[in-house]
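Chain by chain, the residues run as shown.
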Amino acid sequence: MIALAPITWRGAPVPVITMWSGEADLRKPRVLRERWGGDRLLIIDDGVDAPGVGRPLFTRLHHGRCRRVVQARLCQICAQPLGKACIAISHGRTHAGHPLIRDGYPMHDACAGRALTACPALQRGITDRSLRCWLVPTGQWARLWVKIGIATGKDADERVNDMVRGTDGQIVSGPDLVLLRHTPMRADDLMALAAMEDAGR
Ligand SMILES: [Zn+2]
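Here we summarise the structure given alongside this text. These numbers were taken from a predicted model, which means no experiment stands behind them. (Residues numbered from 1 in each chain as written. Predicted model: local features only at pLDDT ≥ 70, side-chain atom pairs only at ≥ 80, totals over all residues. Heavy atoms only, no water.)

### Quick word on the overall build of the chain
When helices and strands are tallied, the chain shows 5 helices and 14 strands. Within the chain, the proportion of its 201 residues that are buried is 46%. Counted over contacts in the chain with a minimum sequence separation of 6, partners at least 24 positions apart contribute 74%. When the accessible surface of the chain is split by element, carbon and sulfur atoms take 53% of a total near 10,400 Å². (Helix = DSSP H or I, 4+ residues; strand = E, 2+ residues; numbered from the N terminus. Buried < 20%, exposed > 50% of the residue type's maximum accessible area, 1.4 Å probe, protein only. Contact = heavy atoms within 4.5 Å. Areas by Shrake-Rupley, 256 points an atom, 1.4 Å probe, with all protein chains shown as cover.)

What follows is the structure, given as structure tokens:
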């Protein structure tokens, strides 16, 4: 397994969970073809772990790295360890009354602010008021494994299937996180914090 490290493209940080063109067989995505809501984000895994190769595909997430950052409690943007608290972002979905995190995995507050400033999809969420930012004590979440469809027949790739198979043998995506303790944060405050940190560098 390759160690995760901060990564940039054309001088700007790229979330470590972002898929890169060098990792994806775009003609034939073989594993996760789940579309999330209106933004059509894909979480995908062709069994290649090569962040930084090619160009970043901001509307696709690398399945294996999503799992690893959550498991190791790393920031999904910079891949460094989270502190006692972190920020998670949801888009209005809930599970049993708690915020449901599908792609806004935990991150540092300044990293969240930079992502909110730079990402057009997050900006749209701010504009249409669907986006929610949460301050979360690190680890105060439950993982939900979502069962997914997978390529079968001549396109099936059992090597990849094995990678994403859960302990019960089901092919799972995600993880989705259900926040157990959470305090709302204003996106504006996070963006201002990031701007202050960057100005002080
Ligand atoms: Zn970070």
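### Considering unusual backbone geometry
Backbone geometry places Arg73, a non-glycine residue, at a positive phi of 55°. Taking relative accessible area as the criterion, Arg73 reaches 42% and is therefore assigned partly exposed. Residue Ala96 is not a glycine yet carries a positive backbone phi of 50°. With respect to the secondary-structure elements, Ala96 resides in the loop between strand S8 (94-95) and strand S9 (98-101).

### Digging into the packing of helix H2 (residues 109-118) against helix H3 (residues 120-127)
Taken N-terminus to C-terminus, the directions of H2 and H3 make an angle of 85°; their axes are 6 Å apart at the nearest point. As the angle between them shows, H2 and H3 are arranged roughly perpendicular. Touching Ala115, Leu116, Thr117 and Ala118 of H2 are Pro120, Leu122, Gln123 and Ile126, all from H3. In terms of residue class, the contact of H2 with H3 is built from 6 nonpolar, 2 polar and no charged. (Axes fitted to C-alpha atoms, helices over the stretch in contact; angles between N-to-C directions. Parallel < 35°, antiparallel > 145°, perpendicular 65-115°, else oblique. Nonpolar A, V, L, I, M, F, W, Y, C, P; charged D, E, K, R; others polar.)

### Considerations on the pattern of salt bridges
By the definition in use, this model includes 8 salt bridges. Measuring nitrogen to oxygen at the nearest pair gives 2.7 Å for the salt bridge that ties Asp49 to Arg68. On the criterion of sequence distance, the pair formed by Asp49 in the loop between strand S5 (41-44) and strand S6 (56-62) and Arg68 in helix H1 (residues 63-72) is long-range, its members being 19 residues apart. For the salt bridge of Arg114 with Asp198, the shortest nitrogen-to-oxygen distance reads 2.9 Å. Highlighted residues: Arg114 in helix H2 and Asp198 in helix H5 (residues 187-199), separated in sequence by 84 residues. Residue class for Arg114 comes out buried when judged on its relative accessible area of 19%. The network of salt bridges with common partners includes Glu23, Asp49, Arg65 and Arg68. (Salt bridge = Lys/Arg side-chain N within 4 Å of Asp/Glu carboxyl O.)

### Focus on the coordination of the zinc ion
Surrounding the zinc ion are the protein donor atoms Cys75 (SG), Cys78 (SG), His108 (ND1) and Cys111 (SG), which sit 2.1 to 2.3 Å from the metal. Taken together, the 4 donor atoms coordinating the zinc ion span angles of 95 to 120° at the metal, a pattern that classifies the geometry as tetrahedral. In terms of primary sequence, the donors binding the zinc ion are separated according to C-x2-C-x29-H-x2-C. Linking Cys78 in the loop between H1 and strand S7 (85-90) with His108 in the loop between strand S10 (104-107) and H2, this pair joins segments that are 30 residues apart in sequence. Relative accessible area serves as the criterion here: at 16%, Cys78 is assigned to the buried category. (Donors = N, O, S within 2.8 Å, 3.2 Å for Na, K, Ca; no water. Tetrahedral: all angles 85-135°; square planar, octahedral: opposite > 155°, others 65-115°.)

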